[in-house]
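One letter stands for each residue in the lines below.
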Amino acid sequence: MGGGSALCKHMVTDQPNVPRLLDPTQLKPFVDPLPLPPVLRASDGKALRVDMRETEQRLHRDLSPTRVWTYGGCMPGPTIEVQSGKTVRIDWRNELPRKHFLPIDHRIHGAELDKPEVRAIVHVHGASVPTASDGYPEDWYVPGQSRLHTYPNKQDAAALWYHDHAMGINRLNIYAGMFGNLILRDEHERSLGLPQGEQEIPLTLSDRLLTTDAQLYYPVSGNSEAPWVSEVFGNAMLVNGALLPYLDVQPRRYRFRVLNASNARFFNLKLRDGRSFQQIGSDQGLLPAPVTQHSVFIAPGERVDLVIDFAALAGQQIELLNDALPIMQLRIGSGRVRDTSEVPAVLRDVPRMPESAATQQRMLTLDSYQDCVAEPMLMLLAGKRWHEPVTEKPVLGSTEIWNLINLTDDSHPIHLHMVRFQILDRRPFDSGEWMESQTVRYTGPAQLPSAGEAGWKDVVQAWPGMITRIIVRFDGYVGRYAWHCHLLEHEANEMMRPFEVVAA
Ligand code: C2O
Ligand code: CU
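Nothing here was measured: the structure is a model prediction, and the numbers come from that model. (Residues numbered from 1 in each chain as written. Chains lettered and ligands numbered in written order. Predicted model: local features only at pLDDT ≥ 70, side-chain atom pairs only at ≥ 80, totals over all residues. Heavy atoms only, no water.)

A. Layout of the UniProt feature "domain: Plastocyanin-like" (unreviewed entry) in the protein. When the UniProt feature table is mapped onto this chain, "domain: Plastocyanin-like" (unreviewed entry) is found at residues 62–101, 121–187 and 394–502. Taken end to end, residues 62–101 comprises 0% helix and 45% strand; its first and last C-alpha atoms sit 23 Å apart. (UniProt positions renumbered as here; feature names shortened; annotations may be inferred. Helix = DSSP H or I, 4+ residues; strand = E, 2+ residues; numbered from the N terminus.)

B. The coordination of the copper ion (ligand 2), seen in detail. The coordination sphere of the copper ion (ligand 2) contains the protein donors H412 (ND1), C485 (SG) and H490 (ND1), at a distance range of 2.0 to 2.1 Å. For the copper ion (ligand 2), all donor residues lie on one chain, and their spacing in sequence is H-x72-C-x4-H. Per residue, the accessibility class of C485 equals that of H490, and both read buried. (Donors = N, O, S within 2.8 Å, 3.2 Å for Na, K, Ca; no water. Buried < 20%, exposed > 50% of the residue type's maximum accessible area, 1.4 Å probe, protein only.)

C. Spatial organisation of the domain arrangement of the protein. Taken as a whole, the protein is organised into domain 1 (31–190), domain 2 (197–332) and domain 3 (355–501). Distance between the C-alpha centres of domain 2 and domain 3: 26 Å. The interface of domain 2 with domain 3 comprises 25 residues on the first partner and 24 residues on the second. Put simply, domain 2 and domain 3 have 3 salt bridges between them. The closest approach of N and O atoms between K457 and D283, which form a salt bridge, is 3.0 Å. Where domain 2 meets domain 3, there are 16 residue pairs in polar contact (both at pLDDT 80 or more). Listed by contribution, the elements that provide at least two residues to the side of domain 2 that touches domain 3 are β17 (277–282), β18 (285–293) and β19 (296–298). A breakdown of the residues in the side of domain 2 that touches domain 3 according to their chemical character gives 13 nonpolar, 7 polar and 5 charged. (Domains from an automatic or database assignment. Contact = heavy atoms within 4.5 Å. Salt bridge = Lys/Arg side-chain N within 4 Å of Asp/Glu carboxyl O. Polar contact = N/O pair within 3.5 Å; in protein donor to acceptor, adjacent residues only side chain to side chain. Nonpolar A, V, L, I, M, F, W, Y, C, P; charged D, E, K, R; others polar.)

D. Just the sheet that holds strand β12 (residues 236–239), in detail. Read from one edge of the open sheet, 7 strands run β13-β12-β11-β15-β20-β17-β18, paired in mixed fashion. Looking at strand neighbours, the two that pair on one side only are β13 (242–243) and β18, the edges of this open sheet. (Pairing = 2+ DSSP bridges.)

E. Seen up close, the side chain of T365. By the secondary structure assignment, T365 is in strand β23 (residues 360–369). Side chain to side chain, T365 and D367 meet in a polar contact 3.1 Å long. Ignoring sequence-local partners within four residues, the contact set of T365 consists of L380, L381, A382, G383, I405, L407 and W434.

Take a look at the structure:
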């Protein structure tokens, strides 16, 4: 992967020192129960407190503990539960060590790279929140400091998540373990009778490179001039921070809140026997109606909400796969249980936003460049770096169509902070003609979003060779926010731009 394919003359190819890596197929699978992060609930008016800190965590029974950086002492961090319409304050305290244990790349663009090495800022992904509490990348703070963020939660039920967003190093902080779920609930969703309580399970996916002594390895490139790597793919697929765990379930329906928290890996989830399940939601909550799926393809940053009915599988075991590779096992108890949960045929109303509502069309390229002299490959949005002046200034309450013109060879999961949007379509185009004259010539028919993408989204997979169109209403708050590729290495170098919502 990586857009620039030309070989650079200046490329220095010292072999980086790669430690010996673990072979997970040598481990005994399904010996650890799936870890369920503790649940944190806001109780009236009091701020929640979450400490960022280093700890050690065992990822598999037969491995020694792994050094990780966490929220609240576990990876993933605690699952924070909030109610729609109820304001919650969270005091995020940076209690991290003063030195990073992963390699800081002092050449990453725009990262203000010198000191301090360790900085952090929390972003709640998918939250509609004033900019002061959004976790703007430059609002980072150092160990010993904390920030009190206020979340109004004026939005529908959805599976949000929180993670680090500190300029230039969030890919390392997240890789080190700094992510967790934030579940927003509302009355409407409660009234549906979906599986809940012990039958509602978070599944947070993340891949990591583990060494033979079970420590995290973050790669550097062979180019000593440019240590940045354009993607990181792990040898170990973790579910809730565990390697090949199992989950005991009863023969009834379960709801799985799936999050892909990986730096760069897309997951293609399915069940071992190819049996179908239902997808009931995506990034920003419930779909209009359940969708029968045999697999779901999830980019970094995306969430899917799945219901699996184990009633016909009493006494059996079934593996959850990423492509052909098992990542966890489900063990279905025998005997009978009464299942009173339901999956209604209509979940909620998601009115399609008409294109005619848009007062602004933006043409935004996704680019990659290879600069051979002293810099790593660059990946940009709209041809600009992070620190260039803001060019996207939507008016509060207005509707816009963003055309994501992908000129690279990769699929990029593009995320906008603060807002939710709908996918209009994806359509193949002539990229040569675009580069020559900035004109769009489509070369094939438009493809509508799949049924599983047809709800409210906050990440869209912008496919190579395509113009992906999203329609966004900039409701919420005025101020400066970020939009970026959620492949964290791309984001760092530097596929991230500010946008500013301005008053009408
Ligand atoms: Cu998941 Cu800018 O965030
Ligand atoms: Cu990207």
